[in-house]
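Here are the chains, one letter per residue:
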Amino acid sequence: MQIENFKILLEGNHHENINIDALFEEFKFLFTSAHKDFKFDLGDTWLDGDYLNLGMEAKLSNDRYLRLTYDNNGSPCIDAYKGNEIEMTAKINKTYGDFFPSYNKQVGHIVLDFLNNHYGTYHEGWYKE
């Protein structure tokens, strides 16, 4: 699968070129690569010109889920929630070289850390308090 919309999102420019439906499919693809069944929700995600509001969710249960959103600096990240509380925020690092394998691995490890309730097991330094 091509993850072009995800790449545009992480490059931080030209959000007006993002296809929300395609981005949601890419989001689901990356999260299912960790081989766990999630229920996906587009959440509060919309595009207005080049302004993109993110709120895509991968729900594990009623009280545990991951959300693709932005951090306080405006960079894309994945928030891990338990109920209404954020357990951890994982920044999504820009890659150099082959884009797809790197993001497939990054997201897969973030998901595994979430599933195992042990943040930092796979990617120390990717998490912010």
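Calculation rules
- Within each chain, residue numbers correspond to sequence positions counted from 1 in written order.
- For a predicted model such as this one, the threshold for reporting local features is a pLDDT of at least 70, and the threshold for listing and counting side-chain atom pairs is 80 or more; totals across whole chains, interfaces and linings nevertheless cover every residue.
- Each side-chain value is worked out from all heavy atoms of the structure, with water and hydrogens disregarded.
- In this description a helix means any DSSP run of H or I spanning at least four residues, a strand means any run of E spanning at least two, and both kinds are numbered starting from the N terminus.
- Relative accessibility under 20% of the residue-type maximum defines a buried residue, over 50% an exposed one, and the middle range a partly exposed one, all with a 1.4 Å probe and only protein chains included.
- Note on definitions: salt bridges are taken to be side-chain nitrogens of Lys or Arg within 4 Å of carboxyl oxygens of Asp or Glu.
- Two strands pair if DSSP finds at least two bridges between them.
- The term polar contact refers here to a pair of N or O atoms within 3.5 Å; inside protein, the definition further demands a hydrogen-donor-capable atom paired with an acceptor-capable atom, and it admits residues adjacent in sequence only when both atoms are side-chain atoms.
- In this description, contact between two residues means that some pair of their heavy atoms is separated by no more than 4.5 Å.
- Within 6.5 Å between ring centres, the rings of Phe, Tyr and Trp (the latter by its six-membered ring) count as paired, and their orientation is classed by plane angle as stacked under 30 degrees, edge-to-face over 60, tilted in between.
- For a ring to carry a charge above it, either NZ of a lysine or CZ of an arginine must fall within 6 Å of the ring centroid while also lying within 35 degrees of the normal to the ring plane.

A. Up close: the overall build of the protein. A tally of regular secondary structure across the protein gives 3 helices and 8 strands. Helices (α) and strands (β) of the protein occur, in sequence order from the N terminus, as α-α-β-β-β-β-β-β-β-α-β. Considering the protein as a whole, with its 129 residues, one finds that 43% of them fall into the buried category.

B. Examining the pattern of salt bridges more closely. Counted by the stated rule, this structure contains 5 salt bridges. When the shortest N-O distance is used, the salt bridge between Lys-28 and Glu-25 registers 3.0 Å. Taken as a pair, Lys-28 and Glu-25 lie in helix 2 (residues 20–32) at a separation of 3 residues, close to a single helical turn. Of the residues examined, Glu-25 reaches a relative accessible area of 37% and is grouped as partly exposed. With its nearest N and O atoms 3.7 Å apart, the salt bridge here joins Lys-59 to Glu-57. When salt bridges that share partners are traced, they join Asp-41, Glu-57, Lys-59 and Arg-67 into one network.

C. Quick peek at the pairing of strand 6 (residues 76–82). Taking burial as the measure, the 7 residues of strand 6 include 6 buried ones, the bulk of the element. Here strand 5 (residues 64–70) runs beside strand 6; their pairing, made up of 7 bridges, is antiparallel. The residue of strand 6 that forms the bridge with Thr-69 is Cys-77. Hairpin remark: strand 5 followed by strand 6, antiparallel, with 5 residues in the connecting loop; positive phi at Gly-74, about 85°.

D. Structural context of the side chain of Asn-5. Residue position: Asn-5 is located in helix 1 (residues 4–11). Owing to a relative accessible area of 9%, Asn-5 belongs among the buried residues under this scheme. Within polar-contact distance, the side chain of Asn-5 engages the side chain of Glu-26 at 3.1 Å. Excluding its chain neighbours within four sequence positions, the residues that come into contact with Asn-5 are Asn-17, Ile-18, Asn-19, Ala-22, Leu-23 and Glu-26.

E. Local environment of helix 1. Listed as buried for helix 1 are Asn-5, Phe-6, Ile-8, Leu-9 and Leu-10. Following helix 1 by one or two positions, Gly-12 has its phi on the positive side, about 80°.

F. How the structure looks around the packing of aromatic side chains. Counted under the stated rule, the structure contains 7 aromatic pairs. Here the aromatic rings of Phe-38 and Phe-40 are separated by 6.1 Å at their centres, their planes lie at 50°, and the arrangement is tilted. By relative accessible area, Phe-38 is classed as buried at 10%. Exposure remark for Phe-40: the relative accessible area of 24% places this residue in the partly exposed category. Centre to centre, the rings of Trp-46 and Tyr-51 are 5.4 Å apart; their planes meet at 50°, and the pair counts as tilted. Members of the aromatic cluster, connected to one another through ring pairs, are Phe-24, Phe-27, Phe-31, Phe-38 and Phe-40. Note that Arg-64 overlies the ring of Phe-114, its terminal NZ or CZ placed 4.0 Å from the centroid.

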